[in-house]
Amino acid sequence: MVIGRFAPSPTGPLHFGSLVAAVASYCDAKSQGGQWLLRIEDVDTTRRVEGASEDIIRTLQRYGFEWDGDIVYQSQRSEYYEQALTRLRNLGLAYPCTCSRKEIADSSTQQGIEGVIYPGTCQHHPIKPNTPIAWRLKTPAKRISFEDRIVGWQQHNIGQDIGDFVIKRADSLFSYQLAVVVDDAMQGITHVVRGADLLQSTTRQIYLQQCLGYAPLLYAHIPLVLNNQGQKLSKQTLATALPSDNVKDTLINALHFLPFLPQPFPTFSSLSDLWRWAIDHWQMSNHAKTIT
Ligand SMILES: [Zn+2]
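Since we're looking at a predicted model, the values are computed, not measured. (Residues numbered from 1 in each chain as written. Predicted model: local features only at pLDDT ≥ 70, side-chain atom pairs only at ≥ 80, totals over all residues. Heavy atoms only, no water.)

## Focus on the sheet that holds strand β2 (residues 35-40)
In a beta sheet, neighbouring strands pair by backbone hydrogen bonds and run either parallel or antiparallel.
Move 1: The three strands lie next to each other as β1-β2-β3, forming an open sheet whose pairing is parallel. Each end of this open sheet is capped by a strand with a single partner; those strands are β1 (3-6) and β3 (72-73).
Move 2: As paired strands, β2 and β3 are joined by two bridges and run parallel to one another. Its bridge partner lying in β3, Arg39 is registered against Val72.
Move 3: Packed onto the sheet, helix α2 (residues 52-62) meets β1, β2 and β3 and runs at close to 155° relative to β2. (Pairing = 2+ DSSP bridges. Helix = DSSP H or I, 4+ residues; strand = E, 2+ residues; numbered from the N terminus. Contact = heavy atoms within 4.5 Å. Axes fitted to C-alpha atoms, helices over the stretch in contact; angles between N-to-C directions.)

## A closer look at unusual backbone geometry
Move 1: With an omega of -10°, the peptide bond running from Gln263 to Pro264 counts as cis.
Move 2: Notably, Ser172 is not glycine yet its phi reads approximately 75°, a positive angle.
Move 3: With respect to the helices and strands, the residue Ser172 is situated in the loop between β10 (166-168) and α7 (176-186).
Move 4: Ser172 gets classed as partly exposed once you look at its relative accessible area, which sits at 46%. (Buried < 20%, exposed > 50% of the residue type's maximum accessible area, 1.4 Å probe, protein only.)

## Examining the pairing of β2
Move 1: By the criterion of burial, β2 is predominantly enclosed, with five of the six residues buried.
Move 2: Direction of pairing for β1 relative to β2: parallel, over a ladder of four bridges. Counterpart to Ile3 in the pairing with β2 is Gln35.
Move 3: In terms of handedness, the path from β1 via helix α1 (residues 16-31) over to β2 forms a crossover that is right-handed.
Move 4: Crossover β2 to β3 through α2 is right-handed. (Right-handed = clockwise from strand over helix to strand, strands pointing away.)

## A look at the packing of aromatic side chains
Move 1: With the rule as written, the count across this model stands at eleven aromatic pairs.
Move 2: Where Phe260 meets Trp282, the ring centres are 5.2 Å apart and the plane angle is 55°; that geometry is what we call tilted. Taken together, the positions of Phe260 in the loop between α9 (247-257) and α10 (271-281) and Trp282 in the segment after α10 put the pair 22 residues apart, joining distant regions of the chain.
Move 3: By relative accessible area, which is 7% here, Trp282 ends up buried.
Move 4: Taken together, the ring pairs connect Phe6, Tyr26, Trp36, Phe65 and Trp275 into an aromatic cluster. (Phe/Tyr/Trp six-rings, centres within 6.5 Å; stacked < 30°, edge-to-face > 60°.)

Laid out in structure tokens, this is it:
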């Protein structure tokens, strides 16, 4: 059974880039007779915008998406993330850290794919008393690789390219990486289709899956929609919200952006007509598989 998902963060309304990601994961799951789940990724409650979840759900309904099962909210799932952290601690794979950002910048000499690599200070020295604790995952010098269904072979040395990363923050919020891995496993997700901005996160998530004994997933990272300045559409780059009228034309534009449908498109008499055709004609290779 194929199970896909769309997992928006409620930091603002859906824009054209999020629509493209939603369309790709929806057509991928539905064209394989699978399920498509909706998860609101509000684990970082400090970034949550009031009313954004409701707005996202209304927009998806207006555009004709039909998700399976109940909507899952990460903000209601802390107990599961805590259980995963406990498991990692019991396995000796996680350790507490009280370093400040400045201390890490001052003490690290190694650059990774996302800035300085944490030098492992708190793994070898006592942590500071009366200081908020973050939890980090130990990362060995191990190659983590996978074949993305769209961008092909990817790999990182998890210890040397990324380093011991935070799975629970000092403000006691769980990290996106841990939450996503736990949710994907508990929801039985088999196919992840999402924007290429998350490509660099994937090896971290695969490593966490391995540590927690979860099944591997298939990944497909779709090209990002860029604005005139070449920036990714986002709240930060002031992407405009999806229109509430012209729904069919906007969907057609999103389908045209993705290279998985035969051209030219026929004329669609209705939204359901459009969805039926897109799901029937969707072609995205499924051959790649996660290689550990
Ligand atoms: Zn530390």
